[in-house]
Amino acid sequence: MKPLKGLRNSSLTFPPLLQLQISCVQWTRFLTQHTHPNRDFLQEANKASFRINEYLHYLNTNHDLYNAVKKAEQECHMLSEEAQRGVRNLRADFERGGIHLSSEKLHRVNSLNIEISQLSRQYNENIVMDPGNVDIYPSSRIPKSLHYLVKPIYRSGSSIVTGSNTVLKEKGYQITTDPQTVAAILQQSSDDEVRKMVYIQGNSVPHANVEVLRRLISARHELAQMMGCKSYAEFAVKPNMATTPDVVRSFLLEMSKMVQAKSKEEFELLTKFKRETSGRSDGNLRAWDEAYYMTMMKSSTYKLDNSVVASYFSLSNCIEGLKVLVQSLFGATFHNIPLEPGESWDPQVLKLSLHHPEEGDLGYLYLDLYSRKGKYPGCAHFAIKGGRKISQTEYQLPVVALVCNFPCSRSPSAVRLNHWEVETLFHEFGHALHSLLSRTDYQHFSGTRVVLDFAEIPSNLFEYYAWDYRVLKRFARHYSTGEEIPRKLVESMKGAKDMFATTDLQRQIFYALVDQTLFGEQPLPYGDTSSVVAELKRQHTCWEHVEGTHWEARFSHLLNYGAGYYSYLYAKCFAATIWKKLCQEDPLSLTTGFALRTKFLQHGGARDPASLLNDLVGDGIYRHCNGGIIPDISSLCDEMKLVEEDQQQVHLL
């Protein structure tokens, strides 16, 4: 899942336990649930999933199978490195389910897991059912450019009597404060009071989730203690490269210190811009000002017009860009594959095979790119079937789906993407390549089935390709003239992206610290969840906390990546180093692609992740800290132009 910056989700995963061949049914059900328009089909898929879950529960609580795995682990010295790793992981997965506990404790663990699942579902349902709304009067306060986001309302309390004695009700607009609408209003509305009302309401609902989250934190904490851990964070981080919450916290505090000075500079720059623009010398920045004035300042500095940028990124061009990547890096090509009757869940779904001239087909990719009613609202990569070795001569090819929500059209050439959508497409394609190029012996390790703080590295790496002019000029052409995207335009796009990049990074650090603290040792420091958010925001950002808001009430990453949100920052640091040391000089060479494939992507989770990173770019990509792994931050510092003095101060801590 992508960091909270819009609706992006990546490589959605299930709890560990036994990820056997049977898990393909789970993935198909999950994909079906989010994309299939036929409710009857979905109902049958859910029934099949329920039966599979029952069988998985039987396997995961089968002591004969657990004892056999433990025996295999003791006698596995003759097995391959991947097989040994598989046995160890299976035993650990069994024990994370509580099979090694007494029957009484195991029963309680099972009850807690059910409670956690129910609370997570309730949290998400509350977000959908209670998005909140704000009524704005008069209607003139909402510009026409935002009318597509709102619905007209009328009130009788302020009736207007015309000359003909006709009574007219005053017209206003109701704004539903779902995340997408809130983001658009905060970015585009020039009315300070409208932005304030939308910000406060959008960060205060659903109110019920404050209590749901409290109960979720409590249940996860009890579960972790049943497993012999001090906190849920310890339980969640233990299998990862970081290994302990202390290592994660050390990394996050280092990052926070690293960005502090430049974030303050950016804050002061934005404050000055607001005062100059508004004509108020005492105008301070408020939380609801950030997106609006950042957008305005970027636009005025770089003279960017989003419609001009989008004119070079038709969807057909962007799909061509994906083909450029696989051809240039891996010598492979995508071919359209006719769909069998009943194979597709929508007429606009495409099926492609990734084909290598010497190796044959490498895997299959479904593209479901257009928005439609009832479909999953973000962008995501779904691993439908993992690759695995069937025999010495036969390999089960991976099958994945890339799901997006671009504007619907009969022709992909008529759909034009904003550049952030292009970046999202390349991000998800990084996940897809991780799956398609994986060549593990066991499906348990195929593609994105890796430890959490390793999973987002390929996707973050391929975001770089969406910004590099040498890549963009190969496919980004004007939809009507065919003109290659101008270098100057790309430079302006990158300038606007970098303008407040440190502030954006500081926000992600803050999110990760909130995640670690909420699932850390209990009771919570500073009091309740909202107090934790307020205090950490004060300590680690330049922005005020708005009293009465409960931002954590719809931060769904707390469910999916509980105590794991730091993984995005690990990936950002690792990807920056890989790009700088391996890809930057010649990003589209076969040499670069060969290294990425053979030393990184093809291994999935079958090898130790730290060893893979070290083999890929050499020493220095990480360092050891209290038994865990912390990524080197110097490449990211260089990229973001963070001053050398700050880096030196950080390393002295």
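Per an unreviewed UniProt entry, the protein goes by Mitochondrial intermediate peptidase, mitochondrial isoform X2 and derives from Arachis duranensis. Quoted verbatim from the Subcellular location (unreviewed entry) heading of the UniProt record, the comment on the protein is "Mitochondrion". Its UniProt record gives the protein the following Sequence similarities (unreviewed entry) comment, quoted word for word: "Belongs to the peptidase M3 family."

A. Here's a closer look at the overall build of the protein. Across its full length, the protein carries 26 helices and 12 strands. In summary, the protein has a C-alpha radius of gyration of 26 Å against a globular reference of 26 Å for 653 residues, a match within 12%. Once the C-alpha set of the protein is aligned to its principal axes, its extents read approximately 90 × 60 × 60 Å. For the protein, buried positions account for 54% of its 653 residues. For the protein, contacts bridging at least 24 residues in sequence account for 72% of all contacts bridging at least 6. Here the protein displays about 29,300 Å² of accessible surface, and carbon together with sulfur accounts for 51% of that area. Charge centroids of the protein, computed over 72 positive and 73 negative side chains, lie 3 Å from each other.

B. Here's a closer look at the nonpolar core. Counting residues in each nonpolar core, the largest one holds 140 residues, and the members touching the most others are Met255, Phe313, Leu365, Phe429, Tyr465, Ile485 and Ile578. Of the residues forming this core, the biggest block, 12 residues, is contributed by helix α22 (residues 567-583). Beyond its immediate stretch of four places on either side in the chain, Phe313 contacts Cys318, Val415, Arg416, Leu417, His419, Val422, Leu472, Phe475, Ala476, Ile485 and Met493. Membership of the second largest hydrophobic core comes to 18 residues, among which are Ile142, Leu146, Leu149 and Trp288.

C. Up close: the confidence of the model for the protein. Looking at the protein, pLDDT values average 91 and 92% of them are 70 or higher. A low-confidence stretch, residues 6-22 (pLDDT under 50), is modelled with 66 contacts involving residues beyond four sequence positions or located in other chains. Note that residues 644-653 has pLDDT below 50 and, in this model, 13 contacts with residues that lie over four places away or in other chains.

D. Molecular detail of the pattern of salt bridges. Applying the stated criterion across every chain yields a total of 24 salt bridges. The residue Arg214 makes a salt bridge to Glu211 at a minimum N-O spacing of 2.6 Å. Of this pair, Arg214 and Glu211 both sit in helix α8 (residues 208-226), three residues apart, which is roughly one turn of that helix. A relative accessible area of 45% means that Arg214 is categorised as partly exposed. Judged by relative accessible area, Glu211 falls into the partly exposed class, the value being 38%. Put simply, Asp192, Arg195, Lys274 and Asp289 are held in one network by salt bridges that share partners.

E. Region of the structure containing the UniProt feature "coiled-coil region" (unreviewed entry) in the protein. The UniProt record annotates "coiled-coil region" (unreviewed entry) at residues 62-89. In this annotation, residues 62-89 is assigned 75% helix and 0% strand; the end-to-end C-alpha distance for the span is 16 Å.

F. The arrangement of the sheet that holds strand β6 (residues 360-370) in detail. The strand order across the open sheet formed by five strands is β4-β5-β6-β10-β7, and the pairing between neighbours is mixed. One side of each edge strand has no neighbouring strand; the edge strands of this open sheet are β4 (333-336) and β7 (380-385). Pairwise comparison of adjacent strand axes, ignoring direction, gives a mean angle of 30° for this sheet. Seen against the sheet, helix α14 (residues 419-436) touches β4, β5 (350-356), β6, β7 and β10 (399-406) and runs at an angle of roughly 170° to β10.

G. Molecular detail of the packing of aromatic side chains. Considering all chains together, one arrives at 28 aromatic pairs under this definition. Ring centres of Phe510 and Tyr511 lie 5.8 Å apart, and the angle between their planes is 45°; this geometry places the pair in the tilted category. For the pair formed by Phe510 and Tyr511, the shared burial category is buried. One aromatic cluster is present, built from ring pairs that chain together Phe510, Tyr511, Trp551, Phe555, Tyr561, Tyr565 and Tyr568.

H. The arrangement of helix α3 (residues 63-74) in detail. Helix length check: α3, at 12 residues, gives a terminal C-alpha distance of 16 Å against a target of 16 Å (1.5 Å per residue), a fit within 8%. In this structure Asn62 caps α3, since a side-chain oxygen of it lies 2.9 Å from the backbone nitrogen of Asp64.

I. Broad picture of the packing of helix α10 (residues 245-278) against α22. The interhelical angle for the contact between α10 and α22, taken along N-to-C directions, is 65°, at an axis separation of 11 Å. The chirality of how α10 crosses α22 is left-handed. Two secondary-structure elements touch here, α10 through Val247, Phe251, Leu252 and Met255 and α22 through Leu569, Tyr570 and Cys573. Its residues assigned to classes, the contact of α10 with α22 shows seven nonpolar, no polar and no charged.

J. Expanded view of unusual backbone geometry. Cis geometry marks the peptide bond from Val205 to Pro206, where omega comes out at -10°. Relative to the elements of secondary structure, Pro206 occurs in the loop between α7 (192-202) and α8. Gln522 connects to Pro523 through a cis peptide bond whose omega is 0°. Position of Pro523 among the secondary structure elements: in the loop between α19 (501-518) and α20 (529-540). The backbone of Thr243 sits at a positive phi, close to 70°, despite the residue not being glycine. When you line up the elements, Thr243 lands in the loop between α9 (232-237) and α10. Not every positive phi belongs to a glycine, and Ala563 is a case in point at roughly 65°. Inspection of the secondary structure puts Ala563 in the loop between α21 (557-560) and α22.

K. Quick peek at the packing of helix α13 (residues 315-330) against helix α23 (residues 590-599). Two elements in contact, α13 and α23, have axes separated by 6 Å at closest approach and are oriented at 90°. In this view, α13 runs roughly perpendicular relative to α23, as classed from their interaxial angle. Packed against α13, whose contacting residues are Gln327, Ser328, Leu329 and Phe330, the element α23 presents Leu590, Thr592, Gly593, Phe594 and Arg597 at the interface. Classifying every residue of the contact of α13 with α23 by side-chain character gives four nonpolar, four polar and one charged.

Thresholds applied
- Within any chain, residue numbers begin from 1 and follow the written order of that chain's sequence.
- The model is predicted, so local features are restricted to residues of pLDDT at least 70 and side-chain atom pairs to those at 80 or more, both for listing and for counting; the totals for chains, interfaces and linings are taken over all residues.
- The side-chain values count all of the structure's non-hydrogen atoms but skip hydrogen atoms and water molecules.
- UniProt positions are given in the numbering used here, feature names are shortened, and annotations may be inferred rather than shown by experiment.
- Secondary structure counts use DSSP, requiring at least four H or I residues in a row for a helix and at least two E residues in a row for a strand, with both numbered from the N terminus.
- It is over C-alpha atoms that the radius of gyration is taken, and the globule rule equals 2.2 Å times the number of residues to the power 0.38.
- Type-normalised accessible area, obtained with a 1.4 Å probe on protein chains alone, sets the label of each residue: buried when under 20%, exposed when over 50%, and partly exposed for intermediate values.
- Only heavy atoms matter for contacts: two residues are in contact if any of them lie within 4.5 Å across the pair.
- Each accessible area is a Shrake-Rupley estimate made with a 1.4 Å probe; only the visible protein chains count as cover when residues are assessed.
- Under the counting rule used here, the positive set is Lys and Arg, the negative set is Asp and Glu, and His together with the chain ends is not counted.
- Note on charges: their place is set at NZ of Lys, CZ of Arg, CG of Asp or CD of Glu.
- Here, nonpolar core refers to any group of buried Ala, Val, Leu, Ile, Met, Phe, Trp, Tyr and Cys residues whose side-chain atoms link them within 4.5 Å.
- Scored from 0 to 100, pLDDT records how confident the predictor is in each individual residue.
- Salt bridges are identified by distance alone: a Lys or Arg side-chain nitrogen within 4 Å of an Asp or Glu carboxyl oxygen.
- At least two bridges found by DSSP between two strands is the condition for calling them paired.
- Note on geometry: axes are lines fitted to C-alpha atoms, helical ones only across the stretch in contact, with angles between N-to-C directions running from 0 to 180 degrees.
- Note on aromatic contacts: the rings of Phe and Tyr and the six-membered ring of Trp form a pair at centre separations within 6.5 Å, being stacked when their planes are under 30 degrees apart, edge-to-face when over 60 apart, and tilted otherwise.
- How far a helix is expected to stretch is found by multiplying one less than its residue total by 1.5 Å.
- Between N or O atoms, a polar contact is any pair within 3.5 Å; within protein, one atom must be a potential hydrogen donor and the other a potential acceptor, and residues adjacent in sequence are included only when both atoms are from side chains.
- Less than a right angle of anticlockwise turn of the near helix away from the far helix marks a crossing as left-handed, whereas a clockwise turn marks it as right-handed.
- Three classes are used: nonpolar for Ala, Val, Leu, Ile, Met, Phe, Trp, Tyr, Cys and Pro, charged for Asp, Glu, Lys and Arg, and polar for all others, with Gly counted as polar.
- What sets the label is the angle itself: under 35 degrees gives roughly parallel, over 145 gives roughly antiparallel, 65 to 115 gives roughly perpendicular, and the rest give oblique.

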